[in-house]
Amino acid sequence: MPSCTHARIPPAASPEETQQRFEIRHQPKAQANPLRFPPTTAATPGSPMATAMSVSGVAPGAAAVARPRTLVCVPATARAPREMAAELAAAAALGADVAELRLDRLARFAPRRDLPVLLAEPRQLPALVTYRPKWEGGEYEGDDEPRFEALMLAMELGAEYVDIELKVADKFMKLVSGKKPENCKLIVSSHNFENTPSTEVLGNLVAQIQATGADIVKIVTTATEIVDVARMFQILVHCQEKKVPIIGLVMNDRGFISRILCPKYGGYLTFGSLEKGKESTPAQPTAADLINLYNIRQIGPNTKVFGIIGKPVGHSKSPILHNEAFRSVGFNAVYVPFLVDDLAKFLSAYSSPDFAGFSCTIPHKEAAVRCCDEVDPIARDIGAVNTIVRRPDGKLVGYNTDYVGAISAIEDGIRASAASQPTDLTTSPLAGRLFVVIGAGGAGKALAYGAKEKGARVVIANRTFARAQELANLIGGPALTLVDLENYHPEEGMILANTTAIGMHPNVNETPLSKQALKSYAVVFDAVYTPKETRLLREAAECGATVVSGLEMFIRQAMGQFEHFMGMPVNDDKFRGIANSLDNPTLTS
Ligand code: NAP
């Protein structure tokens, strides 16, 4: 286990104790709003939402209002009714709460023939029936009348929910007036495929939808940046306080967190696809991920939010690792991917104590040094922060766990390869060795700094030579170009550390150094760990070098992060067990 800069604390005895310890460490001075947003202004005068929106900001204690749990709804999008019926059964088997029948997806749909089959009793799941026209993002191209008739028939056949678009809601309401079965809830929906308007505009939209007589308000917008989602969360909180059921989601990959965190803010329902490739909208998570990975049933007002900030970030396996680790200690927290363009803007929008800690990856590690209120001296020296923790006073503190993770992995790899010789734990096996770092980014700086600290003589080689020189000057060693590196062979027994993304999935046939040049190295480490055995490591092993996988660094830096997040030590074996069970080798830190 890598050593951490904070004091070691004895392990907690139970999940309750884990939670209590965290609460004590992270208790905010005053109970703040779940999110800190700018105050909103009033919506349409006289409407229930107008009263809600006239409150400045989000009222304290809003998160504690009792409410039913957020439902997980699986959209059934098959082209044929029989396949759609099979999708309903599959959604039930996944543990979904509701299935959405997307009638507009059916080819040759005949309502009187197909709906009785699709809605036949007994149904395994409540049905939400949607017949989305093209002008609202669906596939139906005909007139409204036959569409309305099909939706009314679905109501008669016992559909639990029917969705109608705001633009035609009044017309539809007139038609169903007095005929809507009591057990059927009408969802009136509005989709914005361009952006997410201000909270004022969103508040007015809620009021407008309520005025149609909707049982459930549905607003779906589009994120152009992740901070847009904060406005939707604010609307959810207001609606929750006023007991207005609302589905509020933000589309595309920058809106992804809206789909996971809506239970925290009282969203009525969130959508999860049956499987990858069956999404009804881009960047929709699978229902299995919502339930099993993000533990959505456990997310509530008091759930702490952690996550990985990066760009790209969607393929990161850190959520699997950290969510499982939180679960294993019984801690009420969720870990999500944050696709962030502007780090400072993100940190200022999500500044509530509930957003308790972040991992930081490409390209934000260096900006994170500037964005934190305090930076651990080692992270400051390295010039890169990969872990941010929010302190009880709200201040952000930055750390670097890459450094300890990588260096301890290389040291242990060297010691293990010399297992037959007596192990000297007082001196680092890096001391006095020539240590060549390829790359001068966040990971390169961490490796260079760490190797230097351990007494190695560090050399930096980088594609952009000026950056190699800059880092080499800091470390006090020579700089090389990648071309120079091919013929660099001043001595035997050198150590090589690749810290560029060369060789990373999907470019698995690439390698930063020829096999011929690798013959000069006794130890080769690759920060890339997707795949676990990169071409560089395979060829280095063939040349007889001791190889150390980036996966080992990944596990160790993640353990260090988890300790910073929790303020308590991690069970090494348990964490390692979780990390090793990550089967798909497309990890990123
Ligand atoms: P970074 O700050 O963006 O730095 C990237 C470095 O790679 C730069 O020196 C860049 O050179 C170089 N580079 C990028 N593409 C290149 C190419 N095609 N040819 C030659 N050089 C290239 O990124 P980072 O945070 O240091 O991460 C770098 C790698 O380490 C990533 O693959 C990341 O997944 C991995 N990593 C692994 C772990 C782990 O736990 N195992 C932890 C952190 C990072 P220029 O200066 O010329 O742009």
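In the block above lies the structure referred to throughout.
All of these numbers come straight from a predicted model, not from anything done at the bench.

**Some words on the sheet that holds strand 16 (residues 457–461)**
Across the sheet, which stays open at both edges, the six strands sit in the order 17-16-15-18-19-20 with parallel pairing between neighbours. The sheet terminates laterally at strand 17 (479–480) and strand 20 (546–548), the two strands that pair on one side only. As paired strands, strand 15 (residues 434–438) and strand 18 (residues 494–498) are joined by four bridges and run parallel to one another. In the sheet register, Val436 faces strand 18, and the bridge partner there is Leu496. The sheet contacts of helix 15 (residues 402–417) involve strand 15, strand 18, strand 19 (521–526) and strand 20, and relative to strand 20 the element is tilted by about 150 degrees. Sheet strands touched by helix 16 (residues 442–453): strand 15, strand 16, strand 18 and strand 19. Its angle to strand 15, the strand with the most contacts, is close to 170 degrees.

**Some details on the pattern of salt bridges**
The final tally for this structure, using the stated rule, is 40 salt bridges. For Glu87, the salt bridge is made with Lys278, and the minimal N-O distance between the two is 3.2 Å. Of this pair, Glu87 sits in helix 3 (residues 81–94) while Lys278 is found in the loop between strand 8 (269–271) and helix 10 (287–293), placing the two residues 191 residues apart along the sequence. We note a salt bridge from Glu374 to Arg391, for which the minimum N-O separation is 2.8 Å. One end of the pair, Glu374, is in strand 12 (residues 374–375); the other, Arg391, is in the loop between strand 13 (387–390) and strand 14 (396–399), with 17 residues separating them in the sequence.

**Observations regarding the site of the ligand**
Every one of the 26 residues lining the ligand counts as a neighbour, but Ala440, Ala443, Asn462, Thr464 and Arg467 are closest to it. Measuring from an oxygen atom of the ligand, one finds a backbone N or O atom of Ala440 at 2.8 Å. Measuring from a nitrogen atom of the ligand, one finds a backbone N or O atom of Ala527 at 2.9 Å. For the ligand, the protein covers 84% of the area, taking 920 Å² as the surface of the free molecule. At a threshold of 2 Å from the grid points, most atoms of the ligand map onto the largest pocket. Broken down by element, the shell around the ligand gets its largest block of residues, four residues, from helix 21 (residues 550–566).

**Some details on the side chain of Arg147**
Structurally, Arg147 can be placed in helix 5 (residues 144–156). With relative accessibility at 0%, the residue Arg147 sits in the buried group. A polar side-chain atom of Arg147 sits 2.8 Å from the main-chain carbonyl oxygen of Tyr131. Beyond its immediate chain neighbours, meaning those up to four positions away, Arg147 contacts Tyr131, Pro133, Trp135, Tyr140, Ile164, Glu165 and Val168.

**Some remarks on the packing of helix 11 (residues 318–328) against helix 21**
In contact at an axis separation of 11 Å, helix 11 and helix 21 are set at 45 degrees when each is read in the N-to-C sense. One way to sum up the angle between helix 11 and helix 21 is to call them oblique. You can see that helix 11 and helix 21 cross each other, and the crossing is right-handed. Of the residues in helix 21, those in contact with Ser318, Leu321, His322, Ala325 and Phe326 of helix 11 are Phe554, Ala558, Gln561, Phe562, Phe565 and Met566.

**Some points on unusual backbone geometry**
Geometrically, the link from Glu121 to Pro122 is a cis peptide bond, its omega value of -5 degrees lying close to zero. Inspection of the secondary structure assignment puts Pro122 in the loop between helix 4 (111–118) and strand 3 (127–130). Notably, Asn252 is not glycine yet its phi reads approximately 75 degrees, a positive angle. Mapped onto the elements, Asn252 comes out in the loop between strand 7 (246–251) and helix 9 (256–261). Among the residues examined, Asn252 registers a relative accessible area of 22% and is labelled partly exposed. Of note, the phi angle at Ala283 is positive, near 65 degrees, even though the residue is not glycine. Mapped onto the fold, Ala283 is located in the loop between strand 8 and helix 10. On the accessibility criterion, Ala283 (28% relative accessible area) is partly exposed.

**Side note on the sheet that holds strand 12**
An order of 10-9-11-13-14-12 is seen for the six strands of this open sheet, with the pairing classed as mixed. Because the sheet does not close on itself, it has two edges, and the strands there are strand 10 (333–339) and strand 12. Alignment of strand 12 against strand 14, held across two bridges, turns out to be parallel. Opposite Val375, over in strand 14, you have Gly398 as the bridge partner. Running at roughly 165 degrees to strand 10, helix 11 makes contact with strand 9 (304–310), strand 10 and strand 11 (355–360) of the sheet.

**Concerning the packing of aromatic side chains**
Any aromatic ring pair is given by two values, namely how distant the centres are and how the planes are angled relative to each other. Going through the model one piece at a time under the given rule, you end up with 21 aromatic pairs. Taking the centre distance of 5.2 Å and the plane angle of 40 degrees together, the rings of Phe326 and Phe562 count as tilted. Of this pair, Phe326 sits in helix 11 while Phe562 sits in helix 21; the two residues are 236 residues apart in sequence, bridging distant segments of the chain. You can call Phe326 buried: its relative accessible area is 0%. Between Phe338 and Phe355 the ring centres are 6.4 Å apart and the planes differ by 40 degrees, which places this aromatic pair in the tilted class. Taken together, the residues span a long stretch of sequence, with Phe338 in strand 10 and Phe355 in strand 11 at a distance of 17 residues. Given a relative accessible area of 0%, Phe338 falls into the buried group.

**Points about the layout of surface pockets**
Estimated volume of the largest pocket: approximately 810 Å³. In this structure, the largest pocket is lined by 33 residues; those nearest its centre are Ile362, Ala443, Thr499, Thr500 and Ala501. Looking at the lining of the largest pocket, the elements with two or more residues in it are helix 13 (365–371), helix 16 and helix 21. Ranked by residues supplied to the lining of the largest pocket, first place goes to helix 21 with four residues. Of the residues contributing to the lining of the largest pocket, the split by class is 14 nonpolar, 14 polar and five charged. By volume, the second largest pocket is sized at about 650 Å³. If you go around the second largest pocket, you meet 21 residues; those closest to its centre are Phe256, Lys276, Asp289, Tyr294 and Gly314. The set of elements that each furnish at least two residues to the lining of the second largest pocket consists of helix 10, helix 11 and strand 10.

Analysis parameters
Residues numbered from 1 in each chain as written. Predicted model: local features only at pLDDT ≥ 70, side-chain atom pairs only at ≥ 80, totals over all residues. Heavy atoms only, no water. Pairing = 2+ DSSP bridges. Helix = DSSP H or I, 4+ residues; strand = E, 2+ residues; numbered from the N terminus. Contact = heavy atoms within 4.5 Å. Axes fitted to C-alpha atoms, helices over the stretch in contact; angles between N-to-C directions. Salt bridge = Lys/Arg side-chain N within 4 Å of Asp/Glu carboxyl O. Near = heavy atom within 4 Å. Polar contact = N/O pair within 3.5 Å; in protein donor to acceptor, adjacent residues only side chain to side chain. Areas by Shrake-Rupley, 256 points an atom, 1.4 Å probe, with all protein chains shown as cover. 1 Å grid on protein atoms, 1.4 Å probe; cavity = no way out; pocket = protein on both sides within 12 Å on 5 of 7 lines; lining within 4 Å. Sits in = over half its atoms within 2 Å of the grid points. Buried < 20%, exposed > 50% of the residue type's maximum accessible area, 1.4 Å probe, protein only. Parallel < 35°, antiparallel > 145°, perpendicular 65-115°, else oblique. Left-handed = near helix turned anticlockwise from the far one by under 90°. Phe/Tyr/Trp six-rings, centres within 6.5 Å; stacked < 30°, edge-to-face > 60°. Points joined across faces, edges and corners; volume = space filled by probe spheres on them. Nonpolar A, V, L, I, M, F, W, Y, C, P; charged D, E, K, R; others polar.

The quantities given are spatial measurements derived from coordinates; they are silent on function.
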